[in-house]
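# Structure at a glance
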Amino acid sequence: MKLDVQLDGRPDEAAQRARALIAAGVNGLFTFEGPHDVFLPLIVAAGSADVPSTDLMTNVAIAIPRSPMNLANMAYDLQLLSEGRFRLGLGSQIRPHIENRYGSTWSRPAARMRETVLAVKAILNSWQDGTRLDFRGEFTKHTLMPATFVPGPNPYGVPPVLLGALGPVMTRTAAEVADGLLVMPFHSHRHFRERTLPAVAEGLELAGRERIDLYPQAIVAMGDTPEEIEAATFGVKGLLAFYGSTPAYRPVLEIEGWGDLQPELNALSKTGDIMAMIGLIDDTMMRTLAVVGTPAECATEIKARFGDVAERVCAYFPGSTHPKDTIAALASELGGTP
């Protein structure tokens, strides 16, 4: 499997970090919508002459507050900069963030994401094929495209548009309209097999499609020694507690028999008691919801979870900045090639 690793968000450090990760043998870099812009680090990495070319992806860019036209422009230009190695990963976020952080409008997220994916693809294909842009949806309309604003065919083709999903409705939507599914990192092996894959199959059947590329993601507590692994678990438990406090992620806990944990974590999150939240994530939960061990052990677990359905995996190392050799060992054990 190929290995994608998060490119930390500060754009002024992106080139240096990208060089280090690529030198360690990773096959791709991704960004997420955190404290820094999701696109800028990728622009820096793709545009730096001393950074080797590699696959780049947003994972994810929050789509609901953005115009499909803005997303299409960014995707087109990053496809140019990366010489055809860019993937546009989109996500919906949850209602409190959309309304209270982004100041945007929330309603029917799966329907909105379906339309956003279709609109972005319609715009990109219009530029690529020279056809008239005529996208008319329920939430957005794109019918004006004077020649002045047409970049023309992208020499590297149209970049893939991926959709992040966890629940069955959004997962079916991704399987129906997107070029790939970004499997949310908060999941278990059982949830992935019993909930995600059946929803993918339903979406493909509804759309009359045969397949969709799957991009599973794993939260990883990794180290070369027991002490390093133990140190890495703190950040992993923190991220699991954060995800687990969110009502939208309760189904993952429920399928493992831990559904009652979600409201307890949610209540603690409102008081800001992070340590108490982390204390509720025991080792069994951590090893069920995350991947733990040496690079070799982590690679074995990742391949056992996803190796039969995916060609690459996105790895998160919350709270840990691993040395080059540790990342290289994981990449080597997974067996990916550039």
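These numbers come from a predicted model, not from an experiment. (Residues numbered from 1 in each chain as written. Predicted model: local features only at pLDDT ≥ 70, side-chain atom pairs only at ≥ 80, totals over all residues. Heavy atoms only, no water.)

Among the surface-exposed residues, D224, E227, E228 and D325 lie close enough to one another that they form a single negatively charged patch. Among the secondary structure elements, E228 is positioned in helix α8 (residues 226-244). (Patch = residues over 30% accessible without salt bridge, like charges linked within 9 Å, V, L, I, M, F, W, Y side chains within 5 Å. Areas by Shrake-Rupley, 256 points an atom, 1.4 Å probe, with all protein chains shown as cover. Salt bridge = Lys/Arg side-chain N within 4 Å of Asp/Glu carboxyl O. Lys, Arg positive; Asp, Glu negative; His and termini not counted. Charge placed at Lys NZ, Arg CZ, Asp CG, Glu CD. Helix = DSSP H or I, 4+ residues; strand = E, 2+ residues; numbered from the N terminus.)

What follows covers the packing of aromatic side chains. Inspection of the entire model under this criterion finds seven aromatic pairs. Ring geometry for F192 and F306: centres 5.2 Å apart, planes at 85 degrees, overall edge-to-face. Linking F192 in helix α7 (residues 189-207) with F306 in helix α13 (residues 295-306), this pair joins segments that are 114 residues apart in sequence. Residue class for F306 comes out buried when judged on its relative accessible area of 1%. Taking 5.1 Å as the distance between ring centres and 85 degrees as the angle between the ring planes, the aromatic pair formed by Y243 and Y249 counts as edge-to-face. (Phe/Tyr/Trp six-rings, centres within 6.5 Å; stacked < 30°, edge-to-face > 60°. Buried < 20%, exposed > 50% of the residue type's maximum accessible area, 1.4 Å probe, protein only.)

As annotated by UniProt and renumbered to match this structure, "domain: Luciferase-like" (unreviewed entry) occupies residues 10-305. Counted over residues 10-305, helix gives 50% and strand 14%. Its end C-alpha atoms are 31 Å apart. (UniProt positions renumbered as here; feature names shortened; annotations may be inferred.)

Its place among the elements puts G293 in strand β12 (residues 291-293). Between the C-alpha atom of G293 and that of A111, which follows or precedes it by 182 residues, the distance is 39 Å. Among all residues touching G293, those that are not within four sequence positions of it are A221, M222, G223, I229 and C298. (Contact = heavy atoms within 4.5 Å.)

What follows covers the packing of α13 against helix α14 (residues 324-334). Two elements in contact, α13 and α14, have axes whose closest approach is 8 Å; the angle formed by their N-to-C orientations is 40 degrees. What the angle tells us is that α13 and α14 run oblique. The hand of the α13/α14 crossing is right-handed. Along the contact surface, α13 presents P295, A296, C298, A299, I302 and K303, while α14 presents T326, A329, L330, E333 and L334. Considered class by class, the residues forming the contact of α13 with α14 number eight nonpolar, one polar and two charged. (Axes fitted to C-alpha atoms, helices over the stretch in contact; angles between N-to-C directions. Parallel < 35°, antiparallel > 145°, perpendicular 65-115°, else oblique. Left-handed = near helix turned anticlockwise from the far one by under 90°. Nonpolar A, V, L, I, M, F, W, Y, C, P; charged D, E, K, R; others polar.)

Bringing α7 into the picture now. Spacing of three or four residues puts side chains on the same side of an α-helix, whose turn is 3.6 residues. Over its 19 residues, α7 runs 26 Å from end to end, which matches the ideal 27 Å to within 8%, given 1.5 Å per residue. A bend of about 25 degrees at T196 is the largest found in α7, and the proline P198 appears one to four places after it. Buried within α7 we find H191, F192, T196, A199, V200, G203 and L204. Close packing links the buried residues of α7 with α6 (168-177), β9 (180-183), β10 (213-215), α9 (250-255) and α13. (Expected span 1.5 Å × (residues − 1). Bend = angle between axes of the 7 residues up to and from the residue.)

Before going further, it helps to examine the pattern of salt bridges. Throughout the structure, instances matching the rule amount to 22 salt bridges. Residue E99 pairs with R95 through a salt bridge whose shortest N-O separation is 3.0 Å. Here R95 and E99 lie together in helix α4 (residues 95-101), a separation of four residues that amounts to about one turn. Among the salt bridges present, the one from E194 reaches R190, with a minimum N-O distance of 3.1 Å. One end of the pair, E194, and the other, R190, are both in helix α7, four residues apart, so they sit about a helical turn from each other. Under the relative-accessibility criterion, E194 is labelled partly exposed at 44%.

So, on to the pairing of strand β5 (residues 86-91). Where burial is concerned, most of β5 is hidden: six out of the six residues are buried. The pairing of strand β3 (residues 55-58) with β5 spans two bridges and is parallel. Paired with M57 across the strands is R87, a residue of β5. Taken together, strand β4 (residues 61-62), helix α3 (residues 68-81) and β5 form a β-α-β motif whose crossover is right-handed. One ladder, built from three bridges, connects β5 with strand β8 (residues 161-165); its direction is parallel. Bridging from a neighbouring strand, L88 pairs with V161 of β8. (Pairing = 2+ DSSP bridges. Right-handed = clockwise from strand over helix to strand, strands pointing away.)

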